[in-house]
Every structure is written in C-alpha cells, then in structure tokens.
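# A look at the structure
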Amino acid sequence: MRLLFACLALFIATAAFAQTDVQDTFYGVKIRSSYNEMKASTDLKDIMKDKYKYYNWGYRHAYDWVDGKKERVRFPEMNFGGRNWDYCEYYFNDDKVFYQIRFYSGTKEPAVTRDTYKSLLKDLKLKYSEQSGITVSEDTDWDDDQSISTVFTGDNGMTCELQYSYEAASSGQMYYYVFLYYYDRELKKEAKYKWLEEL
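Described in the following lines is the structure provided in the data block. All of these numbers come straight from a predicted model, not from anything done at the bench. (Residues numbered from 1 in each chain as written. Predicted model: local features only at pLDDT ≥ 70, side-chain atom pairs only at ≥ 80, totals over all residues. Heavy atoms only, no water.)

### Digging into the overall build of the protein
Across its full length, the protein holds seven helices and nine strands. Across the 199 residues that make up the protein, the buried fraction comes to 38%. A sequence separation of at least 24 residues applies to 50% of the contacts in the protein between residues at least 6 apart. Total accessible area on the protein is roughly 12200 Å²; 50% of this is exposed by carbon and sulfur atoms. (Helix = DSSP H or I, 4+ residues; strand = E, 2+ residues; numbered from the N terminus. Buried < 20%, exposed > 50% of the residue type's maximum accessible area, 1.4 Å probe, protein only. Contact = heavy atoms within 4.5 Å. Areas by Shrake-Rupley, 256 points an atom, 1.4 Å probe, with all protein chains shown as cover.)

### Some remarks on the sheet that holds strand S3 (residues 72–80)
Taken in spatial order, the seven strands of this open sheet run S3-S4-S5-S9-S8-S7-S6, and their pairing is antiparallel. Because the sheet does not close on itself, it has two edges, and the strands there are S3 and strand S6 (134–139). Averaged over all pairs of adjacent strands, the angle between strand axes in this sheet comes to 20°, irrespective of strand direction. For strand S4 (residues 83–92) and strand S5 (residues 98–107), the ladder comprises six bridges, and the chain directions are antiparallel. Each residue of the ladder has a partner; that of phenylalanine 92, found in S5, is phenylalanine 98. Here helix H3 (residues 42–51) sits on the sheet and contacts S3 and S4; the angle it forms with S3, its principal contact strand, is near 75°. Across the face of the sheet, helix H5 (residues 110–128) comes into contact with S4, S5, S6, strand S7 (147–154), strand S8 (158–168) and strand S9 (174–184) while running at roughly 165° to S8. (Pairing = 2+ DSSP bridges. Axes fitted to C-alpha atoms, helices over the stretch in contact; angles between N-to-C directions.)

### Digging into the nonpolar core
Within the largest apolar cluster, 40 residues are counted, with the highest numbers of intra-cluster contacts made by Leu44, Tyr90 and Tyr182. With five residues, H5 is the single largest residue contributor to this core. By size, the runner-up hydrophobic cluster in this structure holds six residues, among which are Tyr104, Ala169, Tyr177 and Tyr181. (Core = buried A, V, L, I, M, F, W, Y, C linked by side-chain atoms within 4.5 Å.)

### A closer look at the pairing of S5
Of all ten residues in S5, eight are buried, a share of seventy percent or more. Between the end of S4 and the start of S5, which pair antiparallel, lie five residues, with lysine 96 showing a positive phi angle near 60°. Relative to S9, S5 is paired through eight bridges, and the arrangement is antiparallel. The residue of S9 that forms the bridge with tyrosine 104 is phenylalanine 179.

Structure (structure tokens):
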C-alpha cells in the first residue's frame, strides 16, 4: 500500500511539473509584449531595484539598448531556472515587440558549462518531453560545428532551445557557452529576414 501511495505521489508531482505549452512569460514579461510593457513589468522592476539598490546610475540605465541599437536589452547576472546566468537578453523586432529571450554563460574550460547543459537538459526533458503538443529534436554531432543542441517546439508557437557550443566572444577569445533560448517562431523568422523586404 505504501508503494502504491508513493507511486501515486510521484505521478502527481511529475504531471504537475510537466507542461503542454512551451513557456512564454519571463519575469512577468510575455512574449509579444512591447518594449514599454517590458519596462512596466513590476516583477522585472523589483529585480532591477534589488540588483542596483546601491548603484543609481545602473538602475537608471538598466533598460538601455545594447550598443545603442534598438534590438536587444541585456541584464547581467540573472537567475533563471535555478541557475545563475552571466547574461539575459530580451530581443525586439523593428516594432519593438519582444520575440525572444536568451540566457547564457561562458567559461574558458568546458566542464562547468557542459555540466550546466546536462543538468538543464535533464530538467527540460522532465518538463517537456512526451507531452502532447510538444516535439523534441536533438543535434548531437559536435564535430560538424562544435555545438550540440536540443529543441522543444510547442503548438503554442513557442520554442525552447538549449545549446552548448565553443565559439568566439565579441573580444575574439574562444569560450565554451551554454545558451538557453525561448522564442516565438514566426516573430523570430520575420525579424531574421526583415532585410528581404528592402530588395
């Protein structure tokens, strides 16, 4: 009888954790929100207030665009999914609509980020694998481009992509990165090929 109750409890816990849609809201900001709606998010504001409580200039400029281009907003040292990330970036299209979020960390040695990738993959598979409305695809060939990835595609238009790669930073130095993306597939595709409209 005890075994029956234990199995039932495990089933209920797993079912509660599992999802039928890929996540689309982050720190209170929903994909397809505007830039101004992101800035108005009380959840995100509270994080920024705590992060910059002793650094007024940092708080006032927390929502500045990366490199002055109205494409990305970057927040350093963010916690998400029970992990601490070097950076979190919100991506916007030309209409300032939020279509993608990216978390990433990089190290010179592979062990730390590779372990993060493995543990995250385990958690994401527990959450999304074998769920109705979600398909999973994997690229496990490291040798072709020095990266591996797992993609969880939801019927709600959202995709979660976990990637581990060895690539150059903006400084030109090589790092082992773990990336975690969530994006709206149609909006990302439109943003990526926007230049085609100019031809």
